[in-house]
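# Structure assessment
So you can see what is in the structure, the chains are spelled out below.
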Amino acid sequence: MPDFALAGSDPRQDSVAYASSRATSALKGQQIEKAFPGLSFSQEMVHLTHAGDGINRLWAVLRPGVIMVFPNNSGVSSAGVFLNIADRVNAQGQEEGLLGLAFDPHYKINGFFYVNYTAANPRRSVISRFSVASNNPGQANANSELIILEVNQPFANHNGGTLEFGNDGYLYIAVGDGGSAGDPFGNGQNKNTLLGKILRIDVSSATAEEPYRIPSDNPFVSEPSGVRKEIWAYGLRNPWKFSFDPVTKDLWAADVGQNDFEEIDIIKPGKNYGWNIMEGLHCFPPSVQTCNQTGLEPPIFEYSHDEGCSITGGHVYRGKRTPELAGAYIYADFCSGRIWGLRYSGASVTEQALLIDTALLIPAIGIDEKGELYILAFDGNIYRFVAPITSVPSVSVLGLIAMAAALALIVLWQVLRTRPPSAKRS
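Residues numbered from 1 in each chain as written. Predicted model: local features only at pLDDT ≥ 70, side-chain atom pairs only at ≥ 80, totals over all residues. Heavy atoms only, no water.

### A few points about the state of the cysteines
Applied cut-off: Disulfides are defined in this document as cysteine sulfur pairs within 2.5 Å. The buried label applies to any residue whose accessible area, calculated with a 1.4 Å probe on protein chains only, is under 20% of its type's maximum; exposed applies above 50%, and partly exposed to all values in between.
The tally for this structure, following the rule as stated, stands at 2 disulfides. Here Cys283 engages in a disulfide with Cys291; their sulfurs sit 2.1 Å apart. Here the disulfide of Cys283 and Cys291 is left-handed, its torsion about the S-S bond being about -85 degrees. With a relative accessible area of 11%, Cys283 lands in the buried category. The class of Cys291 is partly exposed, set by a relative accessible area of 21%.

Take a look at the structure:
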């Protein structure tokens, strides 16, 4: 989850990326509203997604270990329990709990979905597959769990949590560096551990004996023994939220920073994103003046803790409801409640702007089947951007004729009223 503890700030206004956050842009002036005014949740929502099954439903993940499902209708007033695994979820730490949900690309046929949660004794992250109930599409079978992968966690924070299927059909998994502060065990740079990484695995033929396979084109499959072949990218601190752009297929990840900077990365296979050698574009710790940046992949954007303290990654907007956001990556900050958008050319950020400054604690930005975005808040509500007014009230043809006739009568009356007496007939 996002880091909740506020950290010290260091504006470093000579940073190119930070300076660009001040630039003017067409991305501005948004407002938000409750997407489902009659629906709210008493437990913390940390994820919102869809199944891609064409039924137009949404699933809300609640951190204590429950998944709720409801129709994607603004008039909805209640949600049903889809899955309750609170009995096996450890949510004692603020960054622990049921954190991620992804539906199988063939969910409509096989009914499979995957979750990411933290468990205790020992403390660990668990990636599991569940199945929808055979007699109820609105409820999962809690007894159908197949554990895919477990990763021991030395501390309660920095668990990552996001799961997503890529266009290639493989499952991508975000795992944080193991927690505490500063990555004390150097997990981010250690390819012998899964901590501090984005993973990529094949679960298409998962069984209890072989829960996953390593895709043959993963970047480290040919590395020496000991290097984890599941790794897709490394050098990450806490990639709490990542997502794929359905158009470009780019993998966007927001990596939560330590003391000074939050960063946005485009994840590429085999790349090293620098933690804990660097935080954003800067050597870490801040007392270090220089560091070896050879082979490190810099973020495409960063912002300082003058703007917030824990980045919440979102999605590249490809919906239709707010066309002025088309192609922009929408993200937020958990602490400050600010929501921004940026556009990326593939080589550089071309636009970046603050969309709205809210008083909300924002842990996640959800998405529906049509690509519309939803802002989750710890006040229990789900918000969305207000759609722009794109048309004026229509006027019928008869109405236009009546208006023209009335105008002609007014003009004629004015002419007769002002006609001089000498012009009158004798």
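### Here we look at unusual backbone geometry
Test applied: Here a strand is any run of E in DSSP of at least two residues, a helix any run of H or I of at least four, and the numbering for each starts at the N terminus.
Residue Asn276 is reached from Trp275 by a cis peptide bond, and omega for that bond is 10 degrees. With respect to the element layout, Asn276 can be found in the loop between β16 (261-267) and β17 (278-279). With an omega of -5 degrees, the peptide bond running from Phe284 to Pro285 counts as cis. Examined against the element boundaries, Pro285 turns out to sit in the loop between β18 (282-283) and β19 (301-304).

### Regarding the pattern of salt bridges
Using the following cut-off: Salt bridges are counted wherever a side-chain nitrogen of Lys or Arg sits within 4 Å of a carboxyl oxygen of Asp or Glu.
Within the structure shown, the criterion is met by 18 salt bridges. Close ionic contact of Asp357 with Arg338 constitutes a salt bridge, the shortest N to O distance being 3.5 Å. Placement of the pair is Asp357 in strand β23 (residues 349-357) and Arg338 in strand β22 (residues 338-344), with a sequence separation of 19 residues. Asp357 sits in the partly exposed class, given a relative accessible area of 46%. What makes Arg338 partly exposed here is its relative accessible area of 21%. Of the charged contacts in the structure, one is a salt bridge between Arg343 and Glu351, with a shortest N-O distance of 3.0 Å. Given the relative accessible area of 23%, Glu351 is considered partly exposed. Through salt bridges with shared partners, a single ionic network connects Glu33, Arg321 and Arg384.

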